[in-house]
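# Observations on the three-dimensional arrangement
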Amino acid sequence: LTIIFDGLDNQLLGAAIPAMMREWSLGRPAFASVLAAALFGMMIGGFIGGYLGDRIGRRKALLGSVISFGVLTILVSFSNDVTTLTMLRFVAGLGLGGAMPNAAALASEYVPLRRRPFAVTLTIVCIPLGGTLAGFTGALILPAYGWRALFLVGGILPLVLAALLWKVLPE
């Protein structure tokens, strides 16, 4: 679920850009920096998240990643310009990138040796599954509630999951 929500949050921007373009009277090229910043943040976040997982434990690093991308995705809903959106998506990208190495490591550590390849593959497949859910979620929420509600939902779901993981996820 963590990686599904990672993929969902990662792809919400693609669903929301047309509505943002209309609201802010901007063309699509204005959002190129936002998309690049999010990916750059994910790249750095993957490195930092993996390092922190080795240093402080995968559970703590994973929970920190999920909480950070959840909170920052909620903050995106309050953006009023491309500069703020770019900064928020970069920092959210740190959490989005940090979740994957720790989730994959936890998946491989808690399944029997003969099932590890399947567990890690399943974890990785959850990213595009989350992206697919972002499209469906956008189709449901955008017409009725707008892009801000889309990011609120996209941020609240990981925070609810983090609360659940706090209780049940072993180190």
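In the block above lies the structure referred to throughout.
A brief look at the structure comes next. (Residues numbered from 1 in each chain as written. Predicted model: local features only at pLDDT ≥ 70, side-chain atom pairs only at ≥ 80, totals over all residues. Heavy atoms only, no water.)

### Re the layout of surface pockets
Just so we agree on the cut-off: Note on definitions: the grid is 1 Å and covers protein atoms alone; a cavity is a set of points where a 1.4 Å probe fits but cannot get out; a pocket is an open set with protein on both sides within 12 Å along at least five of seven lines; lining residues have an atom within 4 Å of a point. Grid points are joined across faces, edges and corners, and a volume is the space filled by probe spheres set on the points. For helices the rule is a DSSP run of H or I covering at least 4 residues; for strands it is a run of E covering at least 2, with both sets numbered from the N terminus onward. Ten residues, namely Ala, Val, Leu, Ile, Met, Phe, Trp, Tyr, Cys and Pro, are considered nonpolar, four, namely Asp, Glu, Lys and Arg, are considered charged, and the remaining ones, Gly among them, are considered polar.
When its volume is computed, the largest pocket comes out at roughly 320 Å³. Surrounding the largest pocket, 14 residues form its lining, Leu1, Thr2, Ala103, Ala107 and Thr123 being those nearest its centre. For the lining of the largest pocket, the elements supplying multiple residues, two or more each, are helix H1 (2-24), helix H4 (82-109), helix H5 (116-145) and helix H6 (147-168). Residues of the lining of the largest pocket, tallied by class, amount to 12 nonpolar, 2 polar and no charged.

### A short note on the packing of aromatic side chains
As a reminder of what qualifies: Note on aromatic pairs: the rings of Phe, Tyr and Trp (six-membered ring only in Trp) are paired at centre separations within 6.5 Å, and the planes decide the class, stacked below 30 degrees, edge-to-face beyond 60, tilted for the rest. Remark: exposure states derive from per-residue accessible area (1.4 Å probe, protein chains only) relative to the maximum for the residue type, with buried under 20%, exposed over 50%, and partly exposed in between. Consider the ring centre and the ring normal. A charge sits over the ring if Lys NZ or Arg CZ is within 6 Å of that centre and within 35 degrees of that normal.
Tallying each qualifying case throughout the model produces 4 aromatic pairs. On the basis of an interplanar angle of 10 degrees and a centroid distance of 6.1 Å, the ring pair of Trp24 and Phe31 is categorised as stacked. Across this residue pair, the class does not change: Trp24 and Phe31 are buried. Ring geometry for Phe40 versus Phe90: centroids 6.1 Å apart, planes at 25 degrees, classification stacked. Within this pair, whereas Phe40 is found in helix H2 (residues 32-56), its partner Phe90 is found in helix H4, the two being separated by 50 residues in sequence. Aromatic rings pair up to connect Trp24, Phe31, Trp147 and Phe151 into one cluster. Across from the ring centre of Trp166, 5.2 Å away, lies the NZ or CZ of Arg59, which sits over that ring.

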